[in-house]
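# Breakdown of the fold
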Amino acid sequence: MTLSDTQAAPAHPRDEPVPKIVTARHPLRWLSGAGVLVLLAMVASALVTNPAWEWDVVGVYLFAPSVLRSVLLTLELTALAIVLGFALGTVLALMRLSPNRLLSAVAWAYVWLFRSVPLILQLLFWYNLALLYPRLSFGVPFGPAFFDIGTMDLISPLTAAALGLALHQAAYAAEIVRGGLLSVDPGQRLASAALGIPPWRRLFKVILPQAMRTIVPHAGNEIIGMVKGTSVVYIMALPELFYQVQVIYNRNGRVMALLLVAAIWYLVLTTALSVGQHYIERYYGRGRAWPPWWS
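Residues numbered from 1 in each chain as written. Predicted model: local features only at pLDDT ≥ 70, side-chain atom pairs only at ≥ 80, totals over all residues. Heavy atoms only, no water.

### Some thoughts on the packing of aromatic side chains
- Applying the stated criterion to the full structure yields 7 aromatic pairs.
- Between tyrosine 110 and phenylalanine 114 the ring centres are 4.3 Å apart and the planes differ by 25°, which places this aromatic pair in the stacked class. Separated by 4 residues within a single helix, tyrosine 110 and phenylalanine 114 lie in helix α5 (residues 101–116), roughly one turn from each other.
- Where tyrosine 283 meets tyrosine 284, the ring centres are 5.0 Å apart and the plane angle is 85°; that geometry is what we call edge-to-face.
- Taking relative accessible area as the criterion, tyrosine 283 reaches 47% and is therefore assigned partly exposed. (Phe/Tyr/Trp six-rings, centres within 6.5 Å; stacked < 30°, edge-to-face > 60°. Helix = DSSP H or I, 4+ residues; strand = E, 2+ residues; numbered from the N terminus. Buried < 20%, exposed > 50% of the residue type's maximum accessible area, 1.4 Å probe, protein only.)

Below, the structure written as structure tokens:
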């Protein structure tokens, strides 16, 4: 070996040349991003420069007392419908999964009926229940009645709206909960049963927490949809957000400005619910890492 060969050979692996890393270029990403920015700027300019939007009128009515009361009523109807609907829906889901064929058939029939009839018809039915039953009796089934009460006194328009929304929501909630329970590996139930855990503890401590990973995203969509769906109770003349906005613009003629007020409040409510859904999903999804969708 000559001296020149010894000098040419690298003395250590660190002395080897480092390969040059060339990052991939994505010109289409930059072009599409620039196009989106231009579109957003055009939309913002159209909203700000067009006087027909009447932003000053929007500012006046956005926090008007009547509008705030209608927002509160919208939240009350949403809360009643979701709480009662998912409570009944959970019971119906357990009935659908029951080995008792009678319970399973009754739950299936309920879901079939309330998903088939439009919500507006259900609300009108409960609102006009007094036409069918002027008085409601309470007592022994098929026996003597202890007392009765007028249907109109018992079921007010607000009660009829909450009842109709809750019973309608229960049909969809039942399928959401049932799908979540079925998504849990059957081995979890068998393992907990082998450990001697009682059935109810097995459901609430083992099965349901895992099912919530599937239930929460779909339940969040239903809750957000219910916030907007409460607008259908305008047929009962309840002063929820959409009805109240209609009353105001029918009086002053500022249609677009008042519709924008309703849109802003719906955006605020649904955004708050979306943020809450995110944290609930993260809570039930802890310990389970999901890879990115593009991997």
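### With respect to the nonpolar core
- Within the largest apolar cluster, 42 residues are counted, with the highest numbers of intra-cluster contacts made by Leu165 and Val233.
- Mapped onto this core, the elements with two or more residues apiece are α4 (65–96), α5, α6 (119–127), α8 (157–182) and α10 (199–229).
- Residue contributions to this core peak at 11 residues, all from α8.
- Residues Leu62, Val67, Leu241 and Ala262 belong to the second largest nonpolar core, which totals 19 residues. (Core = buried A, V, L, I, M, F, W, Y, C linked by side-chain atoms within 4.5 Å.)

### Structural notes on the layout of surface pockets
- Estimated volume of the largest pocket: approximately 590 Å³.
- Only α4, α8, α9 (186–194) and α10 provide two or more residues apiece to the lining of the largest pocket.
- If you tally residues by element for the lining of the largest pocket, the top one is α10, at 5 residues.
- A breakdown of the residues in the lining of the largest pocket according to their chemical character gives 12 nonpolar, 1 polar and 3 charged.
- Estimates place the volume of the second largest pocket at around 310 Å³.
- Of all the secondary-structure elements, those providing two or more residues to the lining of the second largest pocket are α4, α10 and α12 (255–284).
- Considering every element that reaches the lining of the second largest pocket, the biggest residue donor is α10, with 8 residues. (1 Å grid on protein atoms, 1.4 Å probe; cavity = no way out; pocket = protein on both sides within 12 Å on 5 of 7 lines; lining within 4 Å. Points joined across faces, edges and corners; volume = space filled by probe spheres on them. Nonpolar A, V, L, I, M, F, W, Y, C, P; charged D, E, K, R; others polar.)

### A short note on a nonpolar patch on the surface
- On the surface, Val43, Leu47, Val48 and Trp55 cluster together into a nonpolar patch covering about 360 Å² of accessible area.
- Sorting elements by how many residues they give to the nonpolar patch places helix α2 (residues 27–49) first, with 3 residues.
- Mapping tryptophan 55 onto the fold places it in helix α3 (residues 55–62).
- A residue is classified by how much of its surface remains accessible, and tryptophan 55, at 38% relative accessible area, is partly exposed. (Patch = residues over 30% accessible without salt bridge, like charges linked within 9 Å, V, L, I, M, F, W, Y side chains within 5 Å. Areas by Shrake-Rupley, 256 points an atom, 1.4 Å probe, with all protein chains shown as cover. Salt bridge = Lys/Arg side-chain N within 4 Å of Asp/Glu carboxyl O.)

### Quick notes on the packing of α4 against α12
- One can describe the packing of α4 onto α12 by two numbers: an axis separation of 12 Å at closest approach and a directional angle of 40°. In terms of orientation, α4 and α12 fall into the oblique class. The hand of the α4/α12 crossing is right-handed. Mapping the contact onto sequence places Val67, Leu68, Val71 and Leu75 in α4 and Val261, Trp265 and Leu269 in α12.
- Grouping the amino acids of the contact of α4 with α12 by side-chain chemistry returns 7 nonpolar, no polar and no charged. (Axes fitted to C-alpha atoms, helices over the stretch in contact; angles between N-to-C directions. Parallel < 35°, antiparallel > 145°, perpendicular 65-115°, else oblique. Left-handed = near helix turned anticlockwise from the far one by under 90°. Contact = heavy atoms within 4.5 Å.)

### Section: the UniProt feature "transmembrane region" (unreviewed entry) in the protein chain
- If you check UniProt for "transmembrane region" (unreviewed entry), the listed places come out as residues 30–53, 73–95, 107–127 and 255–280 in our numbering.
- The span residues 73–95 is 100% helical and 0% strand by assignment, and the distance between its end C-alpha atoms comes to 33 Å.
- The span residues 255–280 is 100% helix and 0% strand, and its two end C-alpha atoms sit 38 Å from each other. (UniProt positions renumbered as here; feature names shortened; annotations may be inferred.)

### A short note on the pattern of salt bridges
- What the rule picks out here adds up to 3 salt bridges.
- With a closest N to O distance of 2.9 Å, glutamate 175 and arginine 178 form a salt bridge. With a gap of 3 residues between them, glutamate 175 and arginine 178 both fall in helix α8, about one helical turn apart.
- It is possible to trace a salt-bridge network through shared partners that takes in Arg96, Glu175 and Arg178.

### Considerations on the confidence of the model for the protein chain
- A residue-level look at the protein chain finds 89% of positions with pLDDT of 70 or above and a mean pLDDT of 84.
- Per-residue pLDDT, averaged within each element of the protein chain, yields its smallest value for helix α1 (residues 3–8) (50) and its largest for α5 (94). (pLDDT = per-residue confidence, 0-100.)

### Quick look at unusual backbone geometry
- Even without being a glycine, glutamate 54 presents a positive backbone phi close to 55°.
- Looking at the element boundaries, glutamate 54 is found in the loop between α2 and α3.
- Since its relative accessible area comes to 22%, glutamate 54 is described here as partly exposed.
- One non-glycine residue with positive phi stands out, namely alanine 237, at about 60°.
- Looking at the secondary structure, you find alanine 237 in the loop between α10 and α11 (241–252).

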